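Structural overview for review
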Amino acid sequence: MIAADLYLDKIDFLAYLPQTDCQECGAVSCADFAKQLKRKIQTPSACTFLTESQIQAFLLAQHGDRILPQVPALDLPRPAFTGMVEINRPNESSLILISGNSEFTQEVLSTIMGYTLSSYWLFFVDCRGDTIDMAMIYESLKAEQIMIALEELPAHQRREIILPGFASPLKQPLERQVEWQVKVGPLCIAELPLFLGEDWQVPPDINLG
Ligand code: SF4
């Protein structure tokens, strides 16, 4: 099987480090430490300024290759479920996450969602079954479809939507249609726990090494 690119090499470890270059971890700079994390020759706990939940999020990113399922590279779209999924009993203050309706996108996203106790409204928007990177090339994911999908949302207070990284071109069209904050998430799903920060609560019993 030729596996799809999950863009693990795109994870931006440095963006989530304190960036004070204090060298207490033994690296010459935070950028150097980030490279060591990426190569798995250092553990995030070596930076003593990170909280326990940040350390767990770094570990998830570091070990994305063994956490995430291998999915085949697509030559044809694989349409799957379209609609809203409630993750961990969300309420009116839970974040809204947007994704597409590729079977493989859903498989990868469902896997990472197994590593959080936090609550989200997750929307699988119709993009004809393309993965998000392909959906942007083929223009099968559009702001209008996201708007239609969001009509399912019950009364909501937290006016914040997270788009997948590859869907960044949809940020401005969406912001013109909703008076909500639209944020662009990471390109790699294994970076999502780092990106969401306090909005990603890791279960206490996972052991990623
Ligand atoms: S200990 Fe943390 S803040 Fe200091 S250089 Fe290392 S990674 Fe950067």
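Reading guide: rules and limits
Residues numbered from 1 in each chain as written. Predicted model: local features only at pLDDT ≥ 70, side-chain atom pairs only at ≥ 80, totals over all residues. Domains from an automatic or database assignment. Pairing = 2+ DSSP bridges. Helix = DSSP H or I, 4+ residues; strand = E, 2+ residues; numbered from the N terminus. Axes fitted to C-alpha atoms, helices over the stretch in contact; angles between N-to-C directions. Buried ≥ 20, exposed ≤ 12 C-beta atoms within 10 Å, placed from the backbone.

**Section: the domain arrangement of the protein chain**
As assigned here, the protein chain comprises domain 1 (9-50) and domain 2 (83-189). On a C-alpha basis, the centroid separation for the pair domain 1 and domain 2 is 29 Å.

**Some thoughts on the sheet that holds strand β1 (residues 83-87)**
Within the open sheet, the five strands sit side by side as β1-β3-β2-β4-β5. Their pairing is mixed. Of all strands in the sheet, those bounded by a partner on one side alone are β1 and β5 (181-184). Going from strand to strand, the sheet's axes swing by 25 degrees on average, the running direction of each strand aside.

**Let's talk about the pairing of strand β4 (residues 160-163)**
Consecutive side chains of a regular strand alternate in pointing toward one face of the sheet and then the other. Where strand β2 (residues 95-100) lies against β4, two bridges are found, and the strand directions are parallel. Each residue of the ladder has a partner; that of Ile96, found in β4, is Ile161. In this sheet, β5 lies alongside β4 in parallel orientation, the contact comprising four bridges. When the bridges of β5 are listed, Ile161 appears paired with Val182.

**Focus on unusual backbone geometry**
With a phi close to 60 degrees, Tyr7 is a non-glycine residue in the positive phi region. Along the chain, Tyr7 falls in the segment before α1 (30-38). One non-glycine residue with positive phi stands out, namely Gln19, at about 60 degrees. Tracing the sequence through the fold places Gln19 in the segment before α1. Accessibility expressed as a C-beta count within 10 Å gives 12 for Gln19, which makes it exposed.

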